[in-house]
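Examining the three-dimensional arrangement
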Amino acid sequence: MNYNRKVLVRVSWFYGGIVIAANILANLIQVVIPSPVYNSRSMEVWLQFLSGNPQLQFITSLSYIVPTALCVIYSYKNLRREEKAAKTILTIPLFYSLATAIGWGLNFLFELIALLFVRRIYGIEVGSIILTSLIYMFFSTITVFTTSYLLIDLVNRRYTLPRLFPDGHLSQIQGSHRAQFAMLFSLCFIVMTVLPVFYLLSGTINIQNENGIPVHRGLVAMSIVFVLVSLLIVISLLRLIVYPLKALTREAQNIQKGDYDSRVNIVSNDEIGVLADSFNDMASSLAEKEFMRSTFGKIVDPAVRDYLMKGNVSLGGEEREVTVLFCDIRSFTAMSERMQAESVVSLLNEYFTSLSKCITDNHGIVNKYIGDAVMAIFGAPVESANHAYDAFCAARDMRKALVLLNEHFAQTGRPSISFGIGIHSGVVLAGNIGAQNRMEYTVIGDTVNTASRIESLCKTYHTDLLVSEESVRRMGSAGEVFTLVDQPSIRGKQEKIKLFTCAS
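Residues numbered from 1 in each chain as written. Predicted model: local features only at pLDDT ≥ 70, side-chain atom pairs only at ≥ 80, totals over all residues. Heavy atoms only, no water.

**Some remarks on the overall build of the protein**
- Of regular secondary structure, the protein possesses 15 helices and 8 strands.
- Evaluated residue by residue, the protein yields a buried proportion of 42% over its 504 residues.
- Once local pairs closer than 6 in sequence are excluded, the contacts in the protein between residues at least 24 apart make up 72%.
- Of the roughly 28600 Å² of accessible surface on the protein, 59% is carried by carbon and sulfur atoms. (Helix = DSSP H or I, 4+ residues; strand = E, 2+ residues; numbered from the N terminus. Buried < 20%, exposed > 50% of the residue type's maximum accessible area, 1.4 Å probe, protein only. Contact = heavy atoms within 4.5 Å. Areas by Shrake-Rupley, 256 points an atom, 1.4 Å probe, with all protein chains shown as cover.)

Here's what the structure looks like:
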C-alpha cells in the first residue's frame, strides 16, 4: 500500500461530506413526500407537543451526533496506523453507511418513546403516527445507506484506491469488506422498486380506508407482480454479469498457475463478451510467449534468456570480473571415428546434459558448446561475489558426474570419457556481440583465452583440473585445498602463471 496521509485525510473528510449530504436528502424526502398514513387529530396533538418541547429536538439530534462520532473515531483510530489503513479504507463505505443507518434507528426510538408518553398524557391514538414514523425511518435508512455506500464506493474506485493501491491485489487484504455486485444490485432493487411500491401501495390503501372504499385486490396483485418481475430482472442481470466474471477469474487463476491452455467459453457481443474474447487472445499470446521463452531457454542459458528478455538486446558490452571455465573431452576425435554419427550425438547430449546441470546448480551459465568442449561463465550476466569458488564447485561436481556417466556408458557398451578443465578469473568484456540481426551474449578478452589455454595444459600435466593463481586467490580460505602444479608460460602472456590442482 502507498501510505499517503494527505490522501487519507482528504478522502475521510470527503466521505463525511457524502454521509451528511445523504442525510439531508433523506430529510428532504420526508418533507416533500406526503405521509402514507395520516390521522389529523392525533397528528395535530403530536405536532403541538413537539413545538412546545424543544428539548426533544435536542435529544433527537443525538441520532446525528452518535453516528458522526462513530465515523470520526473509527477513521482517526485506524487511518493513523499504516498496518490498519488498507483494511480501514476498504471497510469505510460499509461502516459509514451502517453508522448512518444506526442514527435513523435511534431517531425512531426517541420518537417512539415520546409518542408513548404523549398517548399516556393526552390519551390519543398514536398507532398511525408510529406507522408513519416507521415507514419514514425505513425509507430514509435505506436511502441514506444506499446513497452513502454507492457514492463512497464510487469515490474509492475512481480516486482513492488507484492512488493508495497502484499494484492492486485488494482481495488479498485480510479482514476487509469486499464489495460484491449482489449487494449493489440488492440495494438498487430495494430503493428503486420495493420502497416506492410499498410507499405508494400503503398510501393508496390508507386513503381508500379513510373514505370507506374497499381495498382493490388487483392493485395489490399488480404491485406484487411488479416487485417479482423487478426481482427476476435483477437476478438475471446478476447471472449475466457475475457468473461470467467468476469464470474469467477462475481461468485467470489457472493461467497464473501456468496452465496457458485455459480459455473461457462466453459467447456474446456485449462488454463481457468483448472482455472474454480479449482474455482468450491474451491467453493464446501468453502461451505462445511461454513456448518461445521455454524454447529460448534451451538454446541459450536461462540466465542469459532472462537477461535478454528484460530488454538488454542492443549491441555492446561492459567490463565485468568473472571466472571462465573450459572443459574439453580427451581424445574425442579418435573415439568418434570408431562410432556411428547417431551414437556420437547421443553420447554428447547425455554428457552435456550432465555437465550443464553441474554448472547451473553452482550459479554459472553454459555460454556455448564448441564441438566437444564447454565454455561456462560465472559472475555474468548475474553478478556473484564468489564466482571463482562457484566455478571450482562446478568442476568438482563435474568430476563426480563423469564417474556416474562412465558407469552408465559401460553398462550400455559405450566408451568411457575423460576430460580436462581449466579455470581462470579476470576482467572480460561481457555483452551482446555480433550483427544487428544476429547476436549472442558472450564474454571476450584475455581472460577467456587464458582459461582455454590453461585447459589445454591438462594434457601436459596429466590432470583433469587446472586452476589459475588468480582464481585460487579469489577463493580465500577455500583455496587451501589446492596444490601447486607448475608456473609455466602461457601463449600470449609475457608473465608466467601459477597453476594449481586438487585431488578428487
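**So, the nonpolar core**
- Grouped together as the largest cluster of nonpolar side chains are 39 residues, with contacts concentrated most on Leu-325, Cys-327, Tyr-351, Met-398 and Ile-421.
- Broken down by secondary-structure element, the contributors of at least two residues to this core are β1 (316-329), α10 (332-337), α11 (341-361), β3 (373-378), α12 (387-411), β4 (419-435) and β6 (465-468).
- For this core, the leading source of residues is α12, giving 10 residues.
- With sequence-adjacent residues up to four places away left out, Ile-421 is seen in contact with Leu-325, Phe-326, Cys-327, Ala-395, Met-398, Glu-455, Cys-458, Asp-464, Leu-465 and Leu-466.
- Listed in part, the 22 residues of the second largest apolar core include Ala-86, Ile-89, Leu-164 and Ile-173. (Core = buried A, V, L, I, M, F, W, Y, C linked by side-chain atoms within 4.5 Å.)

**Topic: the packing of aromatic side chains**
- Under the defined criterion, the tally for this structure stands at 6 aromatic pairs.
- The interplanar angle of 15° and the centroid separation of 6.0 Å between the aromatic rings of Phe-145 and Tyr-149 together place this pair among those described as stacked. Note that Phe-145 and Tyr-149 are positioned in helix α5 (residues 127-164) at a spacing of 4 residues, about one turn of the helix. Of the two residues, Phe-145 and Tyr-149, both sit in the buried class.
- Look at Phe-352 and Tyr-369: their rings are 4.4 Å apart centre to centre, the planes differ by 45°, and that puts the pair in the tilted class. (Phe/Tyr/Trp six-rings, centres within 6.5 Å; stacked < 30°, edge-to-face > 60°.)

**Re the side chain of Asn-156**
- On the secondary structure map, Asn-156 appears in helix α5.
- You can call Asn-156 buried: its relative accessible area is 2%.
- In terms of polar contacts, Asn-156 uses its side chain to reach the backbone carbonyl oxygen of Ile-89, at 3.0 Å.
- Excluding anything up to four places from it in sequence, Asn-156 contacts Tyr-15, Ile-89, Pro-93, Leu-161 and Pro-162. (Polar contact = N/O pair within 3.5 Å; in protein donor to acceptor, adjacent residues only side chain to side chain.)

**Looking at unusual backbone geometry**
- Residue Pro-381 is bonded to the preceding Ala-380 through a cis peptide linkage, with omega at 0°.
- The topology assignment puts Pro-381 in the loop between β3 and α12.
- Look at His-363: it is not a glycine, yet its phi comes out positive at around 70°.

**A short note on the pairing of β6**
- By the alternation rule, side chains of β6 split into Leu-465 and Val-467 and Leu-466 and Ser-468, which are all buried.
- Note that β6 and strand β8 (residues 499-501) share 2 bridges and pair antiparallel. Across the sheet, residue Val-467 finds its bridge partner in β8, namely Phe-500. (Pairing = 2+ DSSP bridges.)

**A word on α11**
- Between the first and last C-alpha of α11 there are 30 Å, a value that for 21 residues agrees with the 30 Å anticipated at 1.5 Å per step.
- If you check which residues of α11 are buried, you get Val-344, Leu-347, Leu-348, Tyr-351, Phe-352, Ser-354, Leu-355, Ser-356, Cys-358 and Ile-359. (Expected span 1.5 Å × (residues − 1).)

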